[in-house]
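Spelled out, the chains give:
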Amino acid sequence: MTRIAIIGPGAIGGTLAAWLAQDAAHSVTVCARTPFDGLRVETPEGVITAQPEILTDPFQAGLVDWVLVCTKTYDADATGPWLERLAGPQTRVAIVQNGVEHVQLFAHLVPTQTIVPVMINLPAVRNAPGQIVQHRHGIIAVPAGPNGQAFAALFAKTEIEAAAHEDFTSQLWIKLTGNSHTIVPTLTLRATGPVWNAALESIVRGVVEECAAVGRAEGATIPQSVIDNAVEAAKAMREGAVAGSFHADRLAGHQLEVDARNGVIVRLGRKHGIPTPMNGVLVTLLEASGSPWISG
């Protein structure tokens, strides 16, 4: 029996917990702030349910084989009390978060050799605690090697496609590049498609091209098609549409992962001497919007 703990049962964490619990070889525990009655996920394959152990106090937890951290990036330190109880010398810790700095964010909490950074593309929305809608097929990428391969194997009996990649850096930066333009509707609170014009296109393309340039400097291979597809996605965005979790979090008044999403482009651009004026301006404006939930 593989003991798995998920910290953060939001849309991603709850969906992963429900899928992993479908395998009788897994014992799944969910670590939450408040209790709830089981998991119900509407997936493209139909509805799945699960009744994992749900803990709300770290002192209730014991050692497990795997910890999946599915919190927002700004909550990294808040997972410390859970990790102290869940993670032993043999425990592997998968960081299932946005951005490209998974290891750096948790290196002070657990040994780096136990950390498995995870790139996930899993469109899902939590409507209520334990109640989630998964909109499309899920994809997970992890680094090649024993730990990455072992993590991918956890999903062998699920519909989520999990694979280990030799060039994991490219997987991370391709996702960030493809999503980087969502800072525009997050700031304007308006879908980009209905107001599309040449000036807006230059801003969107600038944001995406800067991200790709920084990613390439970090060692990623990012095809031009990734940039073009991101711009086309922004152009095709319909009135009232929500451009992913970044946009959705601002609409809901939640804290934002500004630094992990676009701030990192500016920071690493500065490190490599790459100008990032579009990202810099939009990050500054978003942080200056006066909302108390902004996370720098």
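Since the model is a prediction, treat every value here as computed from it, not as a measurement.

Asker: Just to check I follow, could you spell out the packing of aromatic side chains for this structure?
Answerer: Each aromatic ring pair is characterised by the separation of its centres together with the angle its planes make. This model, assessed by the stated rule, comprises two aromatic pairs. Members of the aromatic cluster, connected to one another through ring pairs, are Trp66, Phe151 and Phe155.

Asker: I would appreciate a short explanation of the environment of isoleucine 120 in the present structure.
Answerer: Take isoleucine 120: it is sitting in strand β8 (residues 115-121). In sequence terms isoleucine 120 and glycine 244 are 124 residues apart; their C-alpha atoms lie 13 Å from each other. The residues touching isoleucine 120, leaving out its near neighbours within four places in the chain, are Ile12, Leu16, Val96, Ile139, Ile140 and Lys175.

Asker: Sorry if this is basic, but what is going on with the packing of helix α7 (residues 198-217) against helix α10 (residues 258-272) here?
Answerer: Geometry of a packed helix pair, given as the angle between the helix axes and the separation of the axes. Where α7 meets α10, the closest approach of the two axes is 9 Å, and the angle between their N-to-C directions is 55°. By the criterion of interaxial angle, the relationship of α7 to α10 is oblique. The two elements α7 and α10 meet at a crossing, and its hand is left-handed. The segment α7 lies against α10, with Val207, Glu210, Cys211, Val214 and Ala217 engaging Asn262, Ile265, Leu268, Gly269 and His272.

Asker: Help me understand the confidence of the model for the chain, please; the structure alone is not making it clear to me.
Answerer: Interpreting fine coordinate detail is not advised for predicted regions of low pLDDT. Taken over all residues, the pLDDT of the chain has a mean of 95, while the share at 70 or more is 98%. Counting contacts from residues 292-296, a segment whose pLDDT is below 50, to residues more than four positions away or on other chains yields 18 contacts.

Asker: What should I look at first to understand the UniProt feature "domain: Ketopantoate reductase C-terminal" (unreviewed entry) in the chain in this one?
Answerer: In this numbering, the UniProt entry assigns the feature "domain: Ketopantoate reductase C-terminal" (unreviewed entry) to residues 168-287. Helix and strand shares over residues 168-287 are 70% and 2% respectively, and the end C-alpha atoms of the span are 30 Å apart.

Asker: Even after reading the chapter, I still don't get the sheet that holds strand β4 (residues 46-50), so can you show me in this structure?
Answerer: The four strands lie next to each other as β4-β3-β10-β9, forming an open sheet whose pairing is mixed. Of all the strands in the sheet, the pair left with one neighbour each is β4 and β9 (124-128). The sheet shows a mean angle of 20° between the axes of neighbouring strands, direction not considered. In this sheet, β4 lies alongside strand β3 (residues 39-43) in antiparallel orientation, the contact comprising five bridges. Across the sheet, residue valine 41 finds its bridge partner in β4, namely isoleucine 48. Lying over the sheet, helix α1 (residues 11-20) contacts β3, β4, β9 and β10 (131-134), oriented at roughly 95° with respect to β3.

Asker: Please clarify how helix α9 (residues 244-251) should be interpreted in this entry.
Answerer: The periodicity of an α-helix, 3.6 residues per turn, causes residues three or four places apart in sequence to face the same way. Those residues of α9 not exposed but buried are Phe246, His247, Asp249 and Arg250. When α9 is viewed along its axis, its buried side chains cluster within an angular range of 160° and face the same direction. On the buried face of α9, the contacting elements are α6 (183-188), β13 (256-257), α10 and α11 (277-287).

Asker: Can you help me understand unusual backbone geometry in this one?
Answerer: Trans is the prevailing form of peptide bonds, just as negative phi is the prevailing case for residues other than glycine. Even without being glycine, leucine 189 reaches a positive phi, approximately 60°. Inspection of the secondary structure assignment puts leucine 189 in the loop between α6 and α7.

About the cut-offs
- Residues numbered from 1 in each chain as written.
- Predicted model: local features only at pLDDT ≥ 70, side-chain atom pairs only at ≥ 80, totals over all residues.
- Heavy atoms only, no water.
- Phe/Tyr/Trp six-rings, centres within 6.5 Å; stacked < 30°, edge-to-face > 60°.
- Helix = DSSP H or I, 4+ residues; strand = E, 2+ residues; numbered from the N terminus.
- Contact = heavy atoms within 4.5 Å.
- Axes fitted to C-alpha atoms, helices over the stretch in contact; angles between N-to-C directions.
- Parallel < 35°, antiparallel > 145°, perpendicular 65-115°, else oblique.
- Left-handed = near helix turned anticlockwise from the far one by under 90°.
- pLDDT = per-residue confidence, 0-100.
- UniProt positions renumbered as here; feature names shortened; annotations may be inferred.
- Pairing = 2+ DSSP bridges.
- Buried < 20%, exposed > 50% of the residue type's maximum accessible area, 1.4 Å probe, protein only.
- Arc of directions from axis to C-beta.

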